[in-house]
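Coordinate analysis (summary)
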Amino acid sequence: MDEPKQTVAVTVTVRTGDTLEEIICDLKETYDDQRDWREICAQAERDNALGRYILPGEHIIFNMEVAGK
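Residues numbered from 1 in each chain as written. Predicted model: local features only at pLDDT ≥ 70, side-chain atom pairs only at ≥ 80, totals over all residues. Heavy atoms only, no water.

Things to note about a negative patch on the surface
Taken together, E21, E22, D26 and E29 make up a surface patch of like negative charges. Counting through the fold element by element, E22 comes out in helix α1 (residues 20–31). What makes E22 partly exposed here is its relative accessible area of 44%. (Patch = residues over 30% accessible without salt bridge, like charges linked within 9 Å, V, L, I, M, F, W, Y side chains within 5 Å. Areas by Shrake-Rupley, 256 points an atom, 1.4 Å probe, with all protein chains shown as cover. Salt bridge = Lys/Arg side-chain N within 4 Å of Asp/Glu carboxyl O. Lys, Arg positive; Asp, Glu negative; His and termini not counted. Charge placed at Lys NZ, Arg CZ, Asp CG, Glu CD. Helix = DSSP H or I, 4+ residues; strand = E, 2+ residues; numbered from the N terminus. Buried < 20%, exposed > 50% of the residue type's maximum accessible area, 1.4 Å probe, protein only.)

Quick look at the pattern of salt bridges
Per the counting criterion, the structure on display carries 4 salt bridges. Its salt-bridge partner being D18, residue R15 comes within 3.9 Å of it at the nearest N-O pair. What makes R15 exposed here is its relative accessible area of 60%. Counted as one network, the salt bridges with shared partners bring together D33, R35 and E65.

Notes on the nonpolar core
Counting residues in each nonpolar core, the largest one holds 15 residues, and the members touching the most others are L20, I23, L27, I54, I60 and F62. For this core, the element with the most residues is α1, which contributes 4 residues. Apart from residues no more than four positions distant in its own chain, L20 is found in contact with C41, E45, L50, I54, I60 and F62. (Core = buried A, V, L, I, M, F, W, Y, C linked by side-chain atoms within 4.5 Å. Contact = heavy atoms within 4.5 Å.)

Written as structure tokens, this is what we have:
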């Protein structure tokens, strides 16, 4: 049986050279989120009303799924 998932909101400040893929892959590893990075990216784009580019200094909130305890 799958464990229930909890959502953790994580705010990231974009640094020069960052890409959404790199940020999300790092967060996936840290929070053990099993979703595909593109699913997390699409959600972040909707939640943060992101445009075509992300800019250094921009704050982006990612909702990461973690196993419930």
